[in-house]
Amino acid sequence: MKNSLITIALVSGLTISSIVVSIAAIAQSPTKVRFYCGQTFDPNSNAIVPTTLVASSSRREPVALIQWKSKLSGKYTPQVRCNMVSANFQQAWSAKRLNYITAGIDKQSGLGIICGMKDRATSCTRSSMLFTLANGAEASETIERMKDIQTGTGSNPVPQSSGDGIVDISSIIN
């Protein structure tokens, strides 16, 4: 009887220890994030459009970031742009240089650009560019729409065909 009590105590202790270790491992595991091109409904055009989405292991549903509705300079279709930009987001994330998103101007083309940044001090240049805005699109408006997604005050993705600011990408992902 005494041996069986010792055995039960030992098994219980080992079970509790393994549960604690499992919980600690889960708490320390990084959030899995995937940027990809999917499709969402655009109520303005009453159509399904290519959309850059982000899925995260910490969220139930993916977050729609950007709806691609128009060609850029007539050469890239919305689907091609969605695929390219979604890949740019994923590459920047995987390289650990997508903690923030901000806007800038490409000095070569004069067009607005959206950049991924490792820290707030990084400037928005062609080397950190995620995508170019369509002619006439305001970079500051795009950032403001992303801030709405970040804070939860807006749930609609930023239409690609739509001051300075910085968006913390972790608050969108988590």
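Residues numbered from 1 in each chain as written. Predicted model: local features only at pLDDT ≥ 70, side-chain atom pairs only at ≥ 80, totals over all residues. Heavy atoms only, no water.

Chemist: Before we move on, could you go through the environment of Gln108 and cite the residues and values that matter?
Modeler: Along the polypeptide, Gln108 turns up in the loop between β4 (100–105) and β5 (112–117). For Gln108, a relative accessible area of 66% puts it in the exposed group. Between the alpha carbons of Gln108 and Arg126 there is a distance of 8.8 Å; along the sequence they are 18 residues apart. Among the polar contacts made by the side chain of Gln108, one reaches the side chain of Arg126 at a distance of 3.1 Å. (Helix = DSSP H or I, 4+ residues; strand = E, 2+ residues; numbered from the N terminus. Buried < 20%, exposed > 50% of the residue type's maximum accessible area, 1.4 Å probe, protein only. Polar contact = N/O pair within 3.5 Å; in protein donor to acceptor, adjacent residues only side chain to side chain.)

Chemist: Break down the pairing of strand β3 (residues 63–67) for me, citing the residues and quoting the values.
Modeler: In terms of burial, β3 is largely enclosed, as 5 of its 5 residues are buried. Counting the residues that bridge the hairpin from strand β2 (residues 47–56) to β3 gives 6 residues. (Pairing = 2+ DSSP bridges.)

Chemist: Please set out unusual backbone geometry residue by residue, giving values where relevant.
Modeler: In the Ramachandran plot, Asn46 falls in the positive-phi region, its phi being about 55° despite a non-glycine side chain. Tracing the chain through its elements places Asn46 in the loop between β1 (33–42) and β2. For Lys96, which is not glycine, the phi torsion reads 60° and is therefore positive. With respect to the element layout, Lys96 can be found in the loop between α2 (78–94) and β4.

Chemist: Requested: an account of the state of the cysteines, with residues and values cited.
Modeler: Disulfides are covalent bonds that connect the sulfur atoms of two cysteines. Considering all chains together, one arrives at 2 disulfides under this definition. Between the sulfur atoms of Cys37 and its disulfide partner Cys82 the distance amounts to 2.0 Å. Residues Cys37 and Cys82 share a disulfide whose torsion about the S-S bond is about 120°; that sign makes it right-handed. Here Cys82 lies in helix α2 and Cys37 lies in strand β1, a separation of 45 residues in the sequence. Residue Cys37 is classed as partly exposed on the basis of its relative accessible area, which comes to 22%. Each disulfide pairs two cysteine sulfurs, and for Cys115 the partner residue is Cys124, the sulfurs being separated by 2.0 Å. Between Cys115 and Cys124, the disulfide has an S-S torsion of 75° and is therefore right-handed. (Disulfide = S-S within 2.5 Å.)

Chemist: Before we move on, could you go through α2 and cite the residues and values that matter?
Modeler: Over its 17 residues, α2 extends 24 Å from the first C-alpha to the last, a length consistent with the 24 Å expected when each residue adds 1.5 Å. Just downstream of α2 lies Lys96, where phi reads positive at about 60°. (Expected span 1.5 Å × (residues − 1).)

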